[in-house]
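Next come the chains, spelled out residue by residue.
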Amino acid sequence: MPFTMDPEVGQVMGALLGSEPPPPLAVGDVNGRRKRVGGLFAALFSQAPAIPDVSVKTFTTKAEDGHEIQLHWYTKNGNASQSGPAVCYIHGGGMICLGPEHYDVPMKTYVTHTGIPFLLVDYRLAPEFQAPVPVTDSYAGLKYLFEHASELGVDPARVALMGDSAGGGIAASVTHLAKQKSGPKIAKQVLIYPMLDNLNTSPDPDTAPFATWSVDDNKTGWDALLGDKAGSDSVPITHAAGRATVEDLRDLAPAYIDVGELDIFRDEDLVYARKLGKAGVSVEFHLYPGVPHAFEAFAPMTKIGQAAVGNRLKFLAGL
């Protein structure tokens, strides 16, 4: 039996996207995707209610090449500055688009519901900055959080690394980089429909009709990040975490992974979760039926969208 869209999600997405989908963009059209995806995210959150109980401060830290990276620190008003958990967050955007301005509402939503402060890293994008820059920029943000834990009221033993889509893939690679460098010890990794596999460039006819991020989009993102190595199965795991072996995954932090059944990242995320398990790493995995990539962003008030966010909040509550 063929896949079908969750009716509630389908109704919301139909109203948002209209009956006529926009024409497909050519592989390699980075600027077209920046405009389209950025506009969509702006529309998604333009009508969101204000979240007045969360404040934001901006810090900077230095990248390996001296570039100043902006870090946005979200905290819940009135929370005592005692030593507690924190999350370092890496935003999505297919390696090529979006930025902190598109993630203000999601960050405030997580913080208001958990009380946990979030540090959002403004890493540099491909193709202007190819691998490993997005990962090393994000690692610099993670190190800042650990190095300034005392003044930020953070217990360094209770720091999670979290990201969605491309940010989930970058977060996975950062966990490997931290392990290789004997760097900050992450307590948990939270990978939301992560973009992990640079070889995922062939369409699946069963899910292609539902794709909100297509294989053409995916090829554009990986080509931008990896250049002529995009189609290689031997790129470093700090560039594409999906290339990791079971041995590479040993001794990593416990993981949470979720993905939709109609997401082009479904299979690579299932494989990664299975490898983590075989490496002795605890994994909480959720596969949501009848929903595509970023379903809870498109349809946050649906039952399945609320369930997905609720499960993430429960996992974070254990920090």
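Given the structure is predicted, the values throughout are model-derived calculations rather than measurements.

Rules and cut-offs
Residues numbered from 1 in each chain as written. Predicted model: local features only at pLDDT ≥ 70, side-chain atom pairs only at ≥ 80, totals over all residues. Heavy atoms only, no water. Helix = DSSP H or I, 4+ residues; strand = E, 2+ residues; numbered from the N terminus. Buried < 20%, exposed > 50% of the residue type's maximum accessible area, 1.4 Å probe, protein only. Contact = heavy atoms within 4.5 Å. Areas by Shrake-Rupley, 256 points an atom, 1.4 Å probe, with all protein chains shown as cover. Pairing = 2+ DSSP bridges. Right-handed = clockwise from strand over helix to strand, strands pointing away. Salt bridge = Lys/Arg side-chain N within 4 Å of Asp/Glu carboxyl O. Phe/Tyr/Trp six-rings, centres within 6.5 Å; stacked < 30°, edge-to-face > 60°. Axes fitted to C-alpha atoms, helices over the stretch in contact; angles between N-to-C directions. Polar contact = N/O pair within 3.5 Å; in protein donor to acceptor, adjacent residues only side chain to side chain. Core = buried A, V, L, I, M, F, W, Y, C linked by side-chain atoms within 4.5 Å. Parallel < 35°, antiparallel > 145°, perpendicular 65-115°, else oblique. Left-handed = near helix turned anticlockwise from the far one by under 90°.

Some details on the overall build of the protein chain
And step 1. Regarding its fold elements, the protein chain presents 11 helices and 8 strands.
And step 2. With respect to the three principal axes, the spread of C-alpha positions in the protein chain is 50 × 45 × 35 Å.
And step 3. Here the protein chain holds 319 residues, and the buried ones make up 54% of them.
And step 4. Excluding contacts between residues fewer than 6 apart, the proportion of contacts in the protein chain whose partners are at least 24 apart in sequence is 76%.
And step 5. For the protein chain, the exposed surface amounts to about 13800 Å²; the carbon and sulfur share of it is 53%.

Some remarks on the side chain of Arg 33
And step 1. With respect to the element layout, Arg 33 can be found in helix 2 (residues 30-46).
And step 2. Not counting residues within four places of it along the chain, the set of residues in contact with Arg 33 comprises Leu 25, Ala 26, Val 27, Gly 28, Gly 38, Ile 96, Cys 97, Asp 216, Asp 217 and Thr 220.

A look at the pairing of strand 4 (residues 118-121)
And step 1. Side chains of strand 4 alternate between two faces, with Phe 118 and Leu 120 and Leu 119 and Val 121 buried alike.
And step 2. The pairing of strand 2 (residues 68-76) with strand 4 spans 4 bridges and is antiparallel. Bridging from a neighbouring strand, Tyr 74 pairs with Phe 118 of strand 4.
And step 3. Read from strand 3 (residues 84-90) through helix 3 (residues 104-114) to strand 4, the crossover connection turns out right-handed.

Some thoughts on the pattern of salt bridges
And step 1. Across all of its chains, the model carries 14 salt bridges by this definition.
And step 2. The shortest N-O distance in the salt bridge between Glu 128 and Arg 34 comes to 2.7 Å. Here Glu 128, found in the loop between strand 4 and helix 4 (133-147), pairs with Arg 34, found in helix 2; they are 94 residues apart in sequence, far enough to count as distant.
And step 3. Judged by relative accessible area, which is 48%, Glu 128 ranks as partly exposed.

Some remarks on the packing of aromatic side chains
And step 1. One pass over the full model with this rule turns up 9 aromatic pairs.
And step 2. Where Tyr 110 meets Phe 118, the ring centres are 5.5 Å apart and the plane angle is 5°; that geometry is what we call stacked.
And step 3. What makes Phe 118 buried here is its relative accessible area of 0%.
And step 4. In textbook terms, an aromatic cluster arises when at least three aromatic residues are bridged by ring pairs, as seen for Phe 41, Phe 45, Tyr 89, Tyr 103, Tyr 110 and Phe 118.

Observations regarding the sheet that holds strand 6 (residues 188-192)
And step 1. The 8 strands lie next to each other as 1-2-4-3-5-6-7-8, forming an open sheet whose pairing is mixed. This sheet does not close on itself; its edge strands, each paired only once, are strand 1 (54-62) and strand 8 (283-288). The mean inter-strand angle of the sheet, taken between neighbouring strand axes irrespective of direction, is 20°.
And step 2. Bridge count between strand 5 (residues 154-164) and strand 6: 5 bridges; the pairing is parallel. Paired with Leu 161 across the bridge in strand 6 is Gln 189.

Section: the pairing of strand 7 (residues 255-260)
And step 1. Burial runs high along strand 7: 6 of the 6 residues are buried.
And step 2. Because side chains alternate across strand 7, one face comprises the buried residues Ala 255, Ile 257 and Val 259, and the other comprises Tyr 256, Asp 258 and Gly 260, equally buried.
And step 3. Relative to strand 7, strand 6 runs parallel, the two sharing 4 bridges. Across the sheet, the residue bridging to Val 190 is Tyr 256, located in strand 7.
And step 4. Each parallel crossover has a hand, and for strand 7 linked through helix 9 (residues 266-278) to strand 8 it is right-handed.

Digging into the side chain of Lys 188
And step 1. As for its position among the elements, Lys 188 is in strand 6.
And step 2. A polar side-chain atom of Lys 188 sits 3.5 Å from the main-chain carbonyl oxygen of Gly 318.
And step 3. When neighbours within four sequence positions are excluded, Lys 188 is seen to be in contact with Val 159, Ala 160, Leu 161, Ala 253, Pro 254, Phe 315, Gly 318 and Leu 319.

Description of the nonpolar core
And step 1. Ranked by internal contacts, the top residues of the largest apolar core, which has 103 residues, are Phe 118, Leu 142, Leu 145, Met 162, Tyr 272 and Leu 316.
And step 2. With residues near it in sequence (within four places) discarded, Met 162 still touches Val 87, Cys 88, Tyr 89, Ile 90, Tyr 110, Phe 118, Ala 171, Val 190, Ile 192 and Leu 316.

Notes on the packing of helix 4 against helix 6 (residues 166-180)
And step 1. Two elements in contact, helix 4 and helix 6, have axes whose closest approach is 9 Å; the angle formed by their N-to-C orientations is 70°. The orientation of helix 4 relative to helix 6 falls into the category roughly perpendicular. The chirality of how helix 4 crosses helix 6 is right-handed. Taken together, the residues of helix 6 that come into contact with helix 4 (itself represented by Pro 134, Val 135, Thr 136, Ser 138, Tyr 139 and Leu 142) are Ile 170, Ser 173, Val 174, Leu 177 and Ala 178.

Here's the deal with unusual backbone geometry
And step 1. Ala 126 connects to Pro 127 through a cis peptide bond whose omega is 5°.
And step 2. The topology assignment puts Pro 127 in the loop between strand 4 and helix 4.
And step 3. Of note in the backbone geometry, Met 95 takes a positive phi value of approximately 75° without being a glycine.
And step 4. Phi angles above zero are rare outside glycine, and Tyr 193 is one such case at about 30°.
And step 5. Structurally, Tyr 193 can be placed in the loop between strand 6 and helix 7 (215-226).

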